[in-house]
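Residue-level listing of the chains:
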Amino acid sequence: MGLAFPMDAFESLGLKHDGRKLWVLDQTQLPDAEVWLDGSTPEAMIALIQRLAVRGAPLIGVAAAACLATYAHRGATAAEYATACAALRAARPTAVNLMWAMDRMKGTPNPVAEAQAIFAEDVRLCEGMAEHGAALIQDGEGLLTHCNTGGLATAGIGTALGVIRRAHEQGKHIHVYADETRPLLQGGRLTAWELQRLGIPATLITDSMAALLLRDGKVQRVLVGSDRVAANGDFANKVGTYGLAVQAKHHGVPFHPVAPFSTVDLACPSGATIPIELRDPAEVRGYGAWRWAPADMPAWNPSFDVTPVNLVTSLVLDRGVYSQGQLGSGVLGRVCG
Ligand code: MRU
């Protein structure tokens, strides 16, 4: 399949193709080491996605698509391609971007061109979110964010972190508070790494410190990403997001999920039907080789939670900003349908 079409080289912060192989920046080793791993085969890519070496809703869709294109380019048969497409689609359950990308790849006569289009489109979608979202941010604001939603989570500049980056580039004097994001520390390891590279003034906090910052008036706006937005505006994101939304509401602070249209799932009428990934309880008992809880302590590890639309001030999409009222009146069906 697809042999007639050359693979062009492409590169983002966490993913690159050299025309022959697909490489993934191992996000589990950041910020201490920048190690690129070969993700050219479906088996390798599924393992990389599942252990969060490559992660973030848009990026796992883009990476899986690039992997399938590489597989086709290397001569996979139609049956092998279809099997790999289904297996990649099932690698993680919550981020609908993965299913969206695999459904595009399943139907295409030209996997290489389709994967390249998905990559380029994600870059453009990030620009759209950045422009619309940055317009909300006023000079001098303190901004709170959760998990990692930047260049490591997308093919472009990011979702919520892309908005923050654009506001900084516009010369607005902002200060970012980054939740470390238990249990896998995407905020402490990855967002902190990105913020430092970008030179954006920022402070790292543990998730449990957010309410105090909100109470003390240090935060004027909360910006988070999303793994799946339901048709009514409820959305799933990294566990801890729902708690932040409750705290923001209590303190009267605007709260905005930021997502591309590829994260909207109109087949989910509300957040109740979004599948939530349950991960290994060992991730709660410790981190890497370090364990602080008894080895046999029961633990619960949902990777995502669902924030109801009544806690959302507005949703920033690549194509505009939609208020809670607009979301409640079904605007997503009209703009994403
Ligand atoms: O488990 P992860 O690290 O893939 O979770 C990522 C998030 O929850 C992000 O906020 C989400 O994917 C949107 S960011 C582009």
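Residues numbered from 1 in each chain as written. Predicted model: local features only at pLDDT ≥ 70, side-chain atom pairs only at ≥ 80, totals over all residues. Heavy atoms only, no water.

Colleague: I tried to follow the packing of aromatic side chains on my own but got confused; where do I start?
Modeller: Each aromatic ring pair is characterised by the separation of its centres together with the angle its planes make. With the rule as written, the count across this model stands at four aromatic pairs. Note that Lys-16 overlies the ring of Trp-36, its terminal NZ or CZ placed 4.1 Å from the centroid. The ring of Phe-304 carries Lys-238 above its face, with NZ or CZ at 4.4 Å from the centroid. (Phe/Tyr/Trp six-rings, centres within 6.5 Å; stacked < 30°, edge-to-face > 60°. Lys NZ or Arg CZ within 6 Å of the ring centre and 35° of its normal.)

Colleague: When you look at the nonpolar core in this model, what are you seeing that I'm missing?
Modeller: Looking at soluble globular proteins, one finds that nonpolar side chains tend to be buried together. Grouped together as the largest cluster of nonpolar side chains are 50 residues, with contacts concentrated most on Leu-144, Val-222 and Leu-332. Not counting chain neighbours up to four residues away, the residues in contact with Leu-332 comprise Val-229, Ala-230, Ala-231, Gly-233, Val-264, Leu-266, Leu-315, Leu-317, Leu-327 and Gly-337. Ala-53, Ala-66, Ala-69 and Ala-95 belong to the second largest nonpolar core, which has 40 residues in total. (Core = buried A, V, L, I, M, F, W, Y, C linked by side-chain atoms within 4.5 Å. Buried < 20%, exposed > 50% of the residue type's maximum accessible area, 1.4 Å probe, protein only. Contact = heavy atoms within 4.5 Å.)

Colleague: Looking at this model, I keep getting lost on the site of the ligand. Mind explaining?
Modeller: Around the ligand, the surrounding shell holds 18 residues, and the nearest of these are Arg-55, Ala-57, Arg-92, Asn-237 and Lys-238. Within the side chain of Asp-227, a nitrogen or oxygen atom sits 3.0 Å from an oxygen atom of the ligand. Contact with the protein chains covers 99% of the free accessible surface of the ligand, which is 410 Å². Most atoms of the ligand, that is more than half of them, are within 2 Å of grid points of the largest cavity. Taken together, the elements giving at least two residues each to the shell around the ligand come down to helix H2 (57–73) and strand S10 (235–238). Taken together, the residues of the shell around the ligand sort by class into six nonpolar, eight polar and four charged. Built from parts of two domains, the shell around the ligand gets at least three residues from each of domain 1 (10–124) and domain 2 (131–336). (Near = heavy atom within 4 Å. Polar contact = N/O pair within 3.5 Å; in protein donor to acceptor, adjacent residues only side chain to side chain. Areas by Shrake-Rupley, 256 points an atom, 1.4 Å probe, with all protein chains shown as cover. 1 Å grid on protein atoms, 1.4 Å probe; cavity = no way out; pocket = protein on both sides within 12 Å on 5 of 7 lines; lining within 4 Å. Sits in = over half its atoms within 2 Å of the grid points. Helix = DSSP H or I, 4+ residues; strand = E, 2+ residues; numbered from the N terminus. Nonpolar A, V, L, I, M, F, W, Y, C, P; charged D, E, K, R; others polar. Domains from an automatic or database assignment.)

Colleague: Mind showing me how you'd approach empty space enclosed by the protein here?
Modeller: Regions of empty space are outlined by a rolling probe, equal in size to a water molecule, passed over the atoms. The tally for this structure, following the rule as stated, stands at three cavities of 30 Å³ or more. Empty space within the largest cavity amounts to approximately 180 Å³. If you list the elements that add at least two residues to the lining of the largest cavity, you get H2 and S10. The residue inventory of the lining of the largest cavity, partitioned by class, reads nine nonpolar, 10 polar and four charged. The residue makeup of the lining of the largest cavity includes at least three contributed by each of domain 1 (10–124) and domain 2 (131–336). (Points joined across faces, edges and corners; volume = space filled by probe spheres on them.)

Colleague: Looking at this model, I keep getting lost on the layout of surface pockets. Mind explaining?
Modeller: Considering only enclosed or pocket space, the largest pocket measures out at about 160 Å³ in volume. For the largest pocket, the full set of lining residues is Leu-184, Asp-280, Ala-282, Glu-283, Arg-285, Gly-286, Tyr-287, Gly-288, Trp-290 and Arg-291. Counting residues per element, the ones that place at least two in the lining of the largest pocket are helix H10 (282–285), strand S13 (286–287) and strand S14 (290–291). Ranked by residue count, the leading element in the lining of the largest pocket is H10, at three residues.

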